[in-house]
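Tertiary structure, described
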Amino acid sequence: MLKSLYFCEACRKQLPDVSEIHYVEENSDRGFCSDKCIMDFYRPFLQVLEKEEAEFRKLLDIEQEDPFLEVTSSQNYLQQALKRPQEIWVVTNDLDQSFYTHILKIQHKQQSLYFILICSYVEGDPAFVFYRMATQHIELVEKYRRDDVYKGESSQQSVSARVPSEVFESVEFKKSKLLAEMLTDRSPHDIALEDFVNYEQFFQQTLEDPDEVFEKLDDESDTIHTYIKSFKLGDESFFYVVVGLLYESEDPMIIPIISFPSVDKKMYPQYAQGQKVINKLRN
Ligand SMILES: [Zn+2]
């Protein structure tokens, strides 16, 4: 009996089975029964990080950047910041708890911005995001470049987030090409570009649970995966497309190039091209 006596760290409910325990920290035996309990438990962390940001801003005389809330709440940017940030900074405290700060540079509405998130890792991958913010001020970004360890190109530790910069360059190149194509093919009656932001919630669902995935080689002989999933929003039916580069490494990953919603059935055959791969990247 004692051998299988586990309790949720937040609500203290007994957990009958060790497989039902959720962990969000490495080197920690803190386990939780649900996402809600995780949130409850880590809320004080969030509050401290909020206060820290306010102090940084005060010190640097930078006001809150409310217009960037749409950036901070974007699933698309969040995924990029988790999976392909330019910088990862790690701070480990005396209890061996590590906090990872990811910094992603983005172009948002013709503006250069930084998306910053602070998270924990489990088994080499981000597990729980304590905090996120966006700013255009490099002085503020500088405050988040914590000084413990900089996981640059030379780091030996395997983090799937680290992808060589030439791959990013190639993705940027493909992006401008694919975007131009998509805009040329787009019907004026299709979902307007400025409304894309309302569809970002479907980005992750499309990647995680696609109806179809197609694989093909592009002009540069790189492997491209196109994820397509159809949705219904009210009485509107549409499909969501994510075109990504398959980055082959020990831990293969898809680096999204472009993503968009469409109601135009004529768009579908243009993207449903190549060999159909079923469940290849899913468990
Ligand atoms: Zn609980």
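Residues numbered from 1 in each chain as written. Predicted model: local features only at pLDDT ≥ 70, side-chain atom pairs only at ≥ 80, totals over all residues.

1. A word on the domain arrangement of the protein
Per the domain assignment, the segments of the protein are domain 1 (42-150) and domain 2 (165-276). Relative placement of domain 1 and domain 2: their C-alpha centres are 27 Å apart. Counting residues at the interface gives seven residues for domain 1 and eight residues for domain 2. Ranked by residue count, the leading element in the side of domain 1 that touches domain 2 is helix α3 (residues 75-83), at four residues. Taken together, the residues of the side of domain 1 that touches domain 2 sort by class into no nonpolar, four polar and three charged. (Domains from an automatic or database assignment. Contact = placed C-beta atoms within 7 Å. Helix = DSSP H or I, 4+ residues; strand = E, 2+ residues; numbered from the N terminus. Nonpolar A, V, L, I, M, F, W, Y, C, P; charged D, E, K, R; others polar.)

2. Quick notes on the sheet that holds strand β12 (residues 275-276)
In spatial order, the strands read β11-β10-β9-β8-β12; together these five strands make up an open sheet with antiparallel pairing. A strand with exactly one partner marks an edge of an open sheet, and here the two such strands are β11 (253-262) and β12. Of the pairings in the sheet, the one linking strand β10 (residues 236-247) to β11 comprises nine bridges and is antiparallel in character. Residue pairing across strands places Leu246 opposite Ile254, the latter belonging to β11. (Pairing = 2+ DSSP bridges.)

3. Brief notes about the environment of Leu233
Its place among the elements puts Leu233 in strand β9 (residues 223-233). C-beta crowding within 10 Å serves as the criterion here: with 12 such atoms nearby, Leu233 is assigned to the exposed category. Separated by 34 residues in sequence, Leu233 and Tyr199 have C-alpha atoms that sit 9.7 Å apart. (Buried ≥ 20, exposed ≤ 12 C-beta atoms within 10 Å, placed from the backbone.)

4. Things to note about the confidence of the model for the protein
Summing up the model confidence of the protein, the mean pLDDT is 85 and the portion of residues at 70 or higher is 90%. Looking at the elements of the protein, mean pLDDT is at its lowest for strand β7 (residues 149-150), recorded as 47, and at its highest for strand β8 (residues 212-217), recorded as 94. This stretch, residues 149-161, has a pLDDT under 50; its non-local contacts, to residues over four places away or in other chains, come to 19 contacts. (pLDDT = per-residue confidence, 0-100.)

5. Some remarks on α3
Of the residues making up α3, those classed as buried are Tyr77, Leu78 and Ala81. For α3, the angular spread of the buried residues around the axis is 105 degrees, confining them to a single face. On its buried face, α3 sits against α2 (69-72), β4 (98-108), β5 (111-122) and β6 (125-135). (Arc of directions from axis to C-beta.)

6. A closer look at the nonpolar core
Counting residues in each nonpolar core, the largest one holds 27 residues, and the members touching the most others are Ala81, Phe115, Ile116, Leu117 and Ala134. Counting residues per element, the ones that place at least two in this core are α1 (35-60), α3, β3 (87-92), β4, β5 and β6. With seven residues, the top contributor of residues to this core is β5. If we skip the residues at most four places from it in the chain, Phe115 touches Val71, Tyr77, Ala81, Leu104, Ile106 and Ala134. If you look at the next biggest cluster of nonpolar residues, it comprises 16 residues, including Phe203, Val213, Val242 and Leu245. (Core = buried A, V, L, I, M, F, W, Y, C linked by C-beta atoms within 7 Å.)

7. Description of the pairing of β5
When β4 meets β5, the two strands line up antiparallel, connected through nine bridges. Bridge assignment links His108 to a residue of β5, and that residue is Gln111. Hairpin geometry of β4 and β5 is characterised by an intervening segment of two residues between the two adjacent antiparallel strands and by a positive phi of about 50 degrees at Lys109. Two strands pair when backbone bridges link them, and β5 and β6 are joined in this way by nine bridges, in the antiparallel orientation. Bridging across to β6, Leu117 finds its partner in Arg132. Connecting the antiparallel pair β5 and β6 is a turn made up of two residues, with Glu123 showing a positive phi of about 50 degrees.

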